[in-house]
Amino acid sequence: MKVLHSVHPDDFKSYQTKTIRERFLADGLAQAGEINCVYTHYDRMIVGVASPVDKQLPLPNYPQLRADYFLQRREIGIINVGGDGEVIADGQSYTLSKLDCLYIGMGVKEVYFLNKNEQSPAVFYLLSAPAHAAYPTQLMTNAQASKVNAGHSSTANERVINKYIYLDGIKSCQLVMGLTILSSGSVWNTMPAHVHDRRMEAYFYFDVPEGQRVFHYMGEADETRHILVKNHEAVVSPPWSIHSGSGTASYSFIWGMAGENLDYSDMDAIQISELK
């Protein structure tokens, strides 16, 4: 499992493209028939992708966790961004269609991922944070998610925010998770930008058309940099960094956080005129 260490904002200012990608990009996650995860030192978050094809994939117990099983001291959020799939948690089966979300709390010992159609395989995005309290496993379909319309076509950022795991949604210990779908012709996400010093955030990009890319912007407001990302890649954003993007075509992304609270609106806005 790849490990991403914490970075000081003053050090970040001197990074070239290669170093930025090495320190913040989680790539190569979606590999058919595999589970691939990245351990970060930002709130001890783990990001990953499970891509079952013709057999079930067990959630591994990585040595970095120093645990008897993956969820012994952790919780996990799972969102399917592919075809229909199934997750089995301690013997209980849950079917996830595209954009459905499953939360599994601390203490669940066995988790398996299965695909239902080899012609349209499931792709499960995984986001896991440490937990000190157990909450029930819960499935939420995309139709049940809390939806917020944001942005406008005139500023190329018309989008629908879908909230799953947060203060008023699925209950968790410290995980917050949802996804944003951009309207056709819109390419900007999370603009105006913001930071939240009390928690990190990870963006996982999906439905990025073949051959297209997203410019993911990060850094302090007066010292921005970017990473070019393709479909099924994630970027880890430190608490001091903005997290925003613009694509060469419309796309969607999953956002997820862990930190001091579960309040979705806990953020410090940055005006566009302040960005450099």
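Anything mentioned here points back to the structure above.
To start, this report covers the structure provided alongside it. (Residues numbered from 1 in each chain as written. Predicted model: local features only at pLDDT ≥ 70, side-chain atom pairs only at ≥ 80, totals over all residues. Heavy atoms only, no water.)

1. Quick word on the pairing of strand S10 (residues 111–115)
Item 1. With respect to burial, S10 is a largely interior element, 4 of its 5 residues being buried.
Item 2. Alignment of strand S5 (residues 57–58) against S10, held across 2 bridges, turns out to be antiparallel. Residue Leu 57 lies in a different strand from S10, and its bridge partner there is Phe 113.
Item 3. Here strand S7 (residues 85–89) runs beside S10; their pairing, made up of 5 bridges, is antiparallel. Counted as the bridge partner of Val 87 is Phe 113 from S10. (Buried < 20%, exposed > 50% of the residue type's maximum accessible area, 1.4 Å probe, protein only. Helix = DSSP H or I, 4+ residues; strand = E, 2+ residues; numbered from the N terminus. Pairing = 2+ DSSP bridges.)

2. Structural notes on the environment of Gln 72
Item 1. Structurally, Gln 72 is set in the loop between S5 and strand S6 (74–80).
Item 2. Here the alpha-carbon distance between Gln 72 and Gly 107, two residues 35 residues apart in the chain, equals 5.0 Å.
Item 3. Ignoring any residue separated from it by four or fewer positions in sequence, one finds Gln 72 in contact with Ala 67, Met 106 and Gly 107.
Item 4. At 2.7 Å, the side chain of Gln 72 forms a polar contact with the backbone nitrogen of Asp 68. (Contact = heavy atoms within 4.5 Å. Polar contact = N/O pair within 3.5 Å; in protein donor to acceptor, adjacent residues only side chain to side chain.)

By themselves, these observations are geometric and do not establish any function.
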